[in-house]
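Survey of secondary and tertiary structure
Chain residues, written in single-letter form:
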Amino acid sequence: MPTITFENQSYPCEAGELLLDALTRQGVNLPFGCRAGGCQACMLKATDGDVPALAQTNIEEKLRRKHYFLACLCRPESDMTIALPDPADRYHSAIVFEKVALNAQIIRLRCSLPEEFSYRPGQFVNLTPPDLSITRSYSLASLPEEPFVEFHIRLLPDGRMSRWLAESVNNGDFIFLSDPLGHCYYRNQPRPLLLAGTGTGLAPLYGITRDALGQQHPHAITLLHGALDQQGLYHHDALQTLADAHSNLHYLPVVLHDGAPANGAQGSIQDQFAHQLETLPSTDCDAERQPLIFLCGDTATVAAMRETALAAGIADSLIYTDSFG
Ligand SMILES: Cc1cc2nc3c(=O)[nH]c(=O)nc-3n(C[C@H](O)[C@H](O)[C@H](O)COP(=O)(O)OP(=O)(O)OC[C@H]3O[C@@H](n4cnc5c(N)ncnc54)[C@H](O)[C@@H]3O)c2cc1C
């Protein structure tokens, strides 16, 4: 049975057990997010012992060479000594300079653009406080040409990170940002774009939509934003103004529970998404004209819309998703 040493304490790890499971089971507070190797929030460094190859899946070469690995993919085969990431290896510093409420449950955070930080709107980063005590993923709603990085954060009642950002972080404080990750970003292809997201799933879609418009995307762009009620439709006016200014942008707010705004729909975003797929030209056999699809936000809703798109004949390679958990 391998023994894992972390901060001078030893923890047994059952044969075949994931390192993340073994340590959290024994009360160790390690950062983690998706638990599936996607968000890299659980990245740690091995200071001694062998790292199983699978645990370094999708880790960039410079960090691999320094023995970084993902705790959620790591089944130790022998004893390991591990440490939290060295901030200088993994993170960029950014100064928070604006924090505003977008509605009762969502805040917008703007931070200085770190040096040597290059990203595509819609990608996500892992945010962590200076003491590295929590790590969570947040999507980039800003554009690289803007002098800040922007995040839309939904406040969860007992959410450790969202509450810390809302209640303890002030203008002038610094936070750490990982390199950008993920594949939800605009591709300049001769296809319509269909974007759908719930809640702060709008954050990446807001970045992708503005990026596509900025790059003069010549085909239809349809953006669906789903919320429980009208109050959840943050950025409604800004998106409507954007749609008024661009004839190829169709913005459709969708409200589940109470009356929808004048240009919106009431009901489930899944139904509206299915309806949009039916009305887009050639989603069936004309592979050249199938839409590029971006789905973000609530995991179950994203999965349901992805299934709908696949059932409509859309190629898997044209569907990009970020599930928020
Ligand atoms: C790729 C990616 C991109 C993301 N981008 C964003 C973004 O742009 N904006 C954003 O607000 N969030 C985003 N998230 C979600 C974010 O990473 C956190 O999971 C979320 O903010 C909750 O963290 P927390 O520490 O506040 O809550 P936690 O302390 O982790 O959880 C508190 C409680 O809330 C529950 N909970 C956790 N997440 C959710 C959820 N999504 N819905 C309902 N209950 C939940 C937990 O089960 C727990 O009971 C993203 C996640 C991923 C994987």
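This structure is a prediction, so every number in the text was calculated from the model and none was measured.

In the structure shown here, the tally under the stated rule is five aromatic pairs. Ring plane angle 45 degrees and centroid distance 5.5 Å describe the contact between Phe 117 and Tyr 119, whose orientation is recorded as tilted. Taken individually, Phe 117 and Tyr 119 each receive the classification buried, so the pair is uniform in this respect. Ring geometry for Phe 294 and Tyr 320: centres 5.5 Å apart, planes at 20 degrees, overall stacked.

The next subject is the nonpolar core. If you look at the biggest cluster of nonpolar residues, it comprises 43 residues, and the most contacted ones within it are Leu 193, Leu 195, Leu 223, Phe 273, Ile 293, Phe 294 and Leu 295. With seven residues, the single largest contributor to this core is helix α5 (residues 202-214). Ignoring any residue separated from it by four or fewer positions in sequence, one finds Leu 193 in contact with Tyr 186, Ala 212, His 217, Ala 220, Ile 221, Thr 222, Leu 292 and Phe 294. Listed in part, the 26 residues of the second largest apolar core include Leu 19, Val 28, Leu 30 and Cys 72.

A word on the site of the ligand. For the ligand, the set of nearby residues contains 20 residues, the closest of which are Arg 136, Ser 137, Tyr 138, Met 161 and Ser 162. Here an oxygen atom of the ligand sits 2.7 Å away from a polar atom, N or O, in the side chain of Tyr 138. Here an oxygen atom of the ligand and a side-chain polar atom of Thr 200 are 3.1 Å apart. Mapped onto the shell around the ligand, the elements with two or more residues apiece are β9 (136-139), β10 (148-154), α4 (160-167) and β17 (319-323).

Turning next to the pairing of strand β16 (residues 292-297). Burial runs high along β16: six of the six residues are buried. Bridge count between strand β12 (residues 193-198) and β16: five bridges; the pairing is parallel. From the neighbouring strand, Gly 197 faces β16, where its bridge partner is Cys 296. Taken together, the five bridges between β16 and β17 define a ladder with parallel strand orientation. The residue of β17 that forms the bridge with Cys 296 is Asp 322.

Every buried residue belonging to helix α6 (residues 236-245) is among His 236, Leu 239, Leu 242 and Ala 243, and all of these are buried. Each buried residue of α6 lies within a common arc of 130 degrees when the element is viewed along its axis, so the set occupies one face. In α6, those exposed residues whose orientation departs by more than 90 degrees from the buried face are Asp 237, Thr 241, Asp 244 and Ala 245. The secondary structure elements touched by the buried residues of α6 are α5, β13 (221-227) and β14 (249-255).

By volume, the second largest pocket amounts to about 150 Å³. Considering the residues around the second largest pocket, the lining is formed by 13 residues, among which Gln 40, Glu 60, Leu 63, Asp 179 and Leu 181 are closest to the centre. Of the residues assigned to the lining of the second largest pocket, the class counts are five nonpolar, three polar and five charged. Taken together, domain 1 (3-85) and domain 2 (88-178) each give at least three residues to the lining of the second largest pocket, which thus spans both.

Here is what the cut-offs are and how they apply
Residues numbered from 1 in each chain as written. Predicted model: local features only at pLDDT ≥ 70, side-chain atom pairs only at ≥ 80, totals over all residues. Heavy atoms only, no water. Phe/Tyr/Trp six-rings, centres within 6.5 Å; stacked < 30°, edge-to-face > 60°. Buried < 20%, exposed > 50% of the residue type's maximum accessible area, 1.4 Å probe, protein only. Core = buried A, V, L, I, M, F, W, Y, C linked by side-chain atoms within 4.5 Å. Helix = DSSP H or I, 4+ residues; strand = E, 2+ residues; numbered from the N terminus. Contact = heavy atoms within 4.5 Å. Near = heavy atom within 4 Å. Polar contact = N/O pair within 3.5 Å; in protein donor to acceptor, adjacent residues only side chain to side chain. Pairing = 2+ DSSP bridges. Arc of directions from axis to C-beta. 1 Å grid on protein atoms, 1.4 Å probe; cavity = no way out; pocket = protein on both sides within 12 Å on 5 of 7 lines; lining within 4 Å. Points joined across faces, edges and corners; volume = space filled by probe spheres on them. Nonpolar A, V, L, I, M, F, W, Y, C, P; charged D, E, K, R; others polar. Domains from an automatic or database assignment.

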